[in-house]
Amino acid sequence: MEKTSYKTRQRSDILGCLRENAEKSMTVDEITQALAKRGCVVGRTTVYRYLDSLTELGEVRRFLREGEKSAAFQFVGDHNECSEHIHLRCRKCGKFVHLGCGFMKDANEHLLKDHGFCVDNEKTILVGLCADCMKGDEKNGSD
């Protein structure tokens with residue numbers, strides 16, 4: 001059963017903000033601030049309410065960032081198969097990558113066969129540094 005929701009300009013602005021920042025996760029405060037910079041005033045309660053709806057519809061992922069108490073959200077977009085792959089998140093810039101290559105399928109099969117452990121791909125996020133941030137660190141370290 002597909003859920004639908006009433007479309008408003010505020011909801012459209014929130015979804016647009018998430019789409020524009022699909023490569024990273026955003027907290028409610030970050031979304032509210034990004035919208036305010038564009039001249040779109042949307043209350044935190046409205047943002048929370050709409051994010052809950054989008055999460056239920058499977059259009060947005062909700063998770064906790066490492067070391068933070070506030071939930072972060074990321075637009076899923078065409079990645080509706082999130083339960084079939086794991087995710088990578090850069091701890092420095094927040095970049096979020098859907099890792100759909102065969103390597104993790106093989107790793108998941110190994111974990112199940114040899115260790116009796118079934119990975120929940122949808123909730124699995126590997127945290128590290130993306131290539132851009134590693135390059136930036138190398139440049140900063142050589143100064």
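The structure under discussion appears in the preceding block.
Residues numbered from 1 in each chain as written. Predicted model: local features only at pLDDT ≥ 70, side-chain atom pairs only at ≥ 80, totals over all residues. Heavy atoms only, no water.

Chemist: How should helix α1 (residues 9-20) be read in this particular structure?
Modeler: What sets the pattern is the α-helix's 3.6 residues per turn: residues three or four places apart point alike. End to end, α1 covers 16 Å across twelve residues, agreeing with the expected 16 Å (1.5 Å per residue, within 8%). Among the residues of α1, Arg11, Asp13, Ile14, Leu15, Gly16, Cys17 and Leu18 are the ones counted as buried. Packed against the buried residues of α1 are β1 (26-27), α2 (28-37), α3 (44-57), β2 (60-64) and β3 (71-75). (Helix = DSSP H or I, 4+ residues; strand = E, 2+ residues; numbered from the N terminus. Expected span 1.5 Å × (residues − 1). Buried < 20%, exposed > 50% of the residue type's maximum accessible area, 1.4 Å probe, protein only. Contact = heavy atoms within 4.5 Å.)

Chemist: What should I look at first to understand the sheet that holds β2 in this one?
Modeler: Whether parallel or antiparallel, the strands of a sheet pair through hydrogen bonds between backbone atoms. The sheet built from three strands is open, its strands ordered β1-β3-β2 with antiparallel pairing. Every interior strand has two partners, whereas the edge strands, β1 and β2, have only one. Here two bridges tie β1 to β3, and the two strands are oriented antiparallel to one another. Across the sheet, the residue bridging to Thr27 is Ala72, located in β3. (Pairing = 2+ DSSP bridges.)

Chemist: I would appreciate a short explanation of the environment of Met26 in the present structure.
Modeler: Assignment of secondary structure puts Met26 in strand β1. The exposure class assigned to Met26 is buried, which follows from its relative accessible area of 5%. When the C-alpha positions of Met26 and Ser70 are compared, they lie 9.9 Å apart, and in sequence the two are 44 residues distant.

Chemist: I tried to follow the side chain of Ser25 on my own but got confused; where do I start?
Modeler: The topology assignment puts Ser25 in the loop between α1 and β1. Excluding residues within four positions of it along the chain, Ser25 makes contact with Glu30, Phe63, Arg65, Ala72, Phe73, Gln74, Arg89 and Gly94.

Chemist: I would appreciate a short explanation of the packing of α2 against α3 in the present structure.
Modeler: For any two helices packed against each other, the geometry comes down to the angle between their axes and how far apart the axes lie. Relative to each other, α2 and α3 sit at 120°, their axes nearing to 10 Å. Judged by the twist between their axes, the crossing of α2 over α3 is right-handed. Of the residues in α3, those touching α2 at Val28, Asp29, Ile31 and Thr32 are Arg44, Val47, Tyr48 and Leu51. Within the contact of α2 with α3, the residues separate by chemical class into five nonpolar, one polar and two charged. (Axes fitted to C-alpha atoms, helices over the stretch in contact; angles between N-to-C directions. Left-handed = near helix turned anticlockwise from the far one by under 90°. Nonpolar A, V, L, I, M, F, W, Y, C, P; charged D, E, K, R; others polar.)

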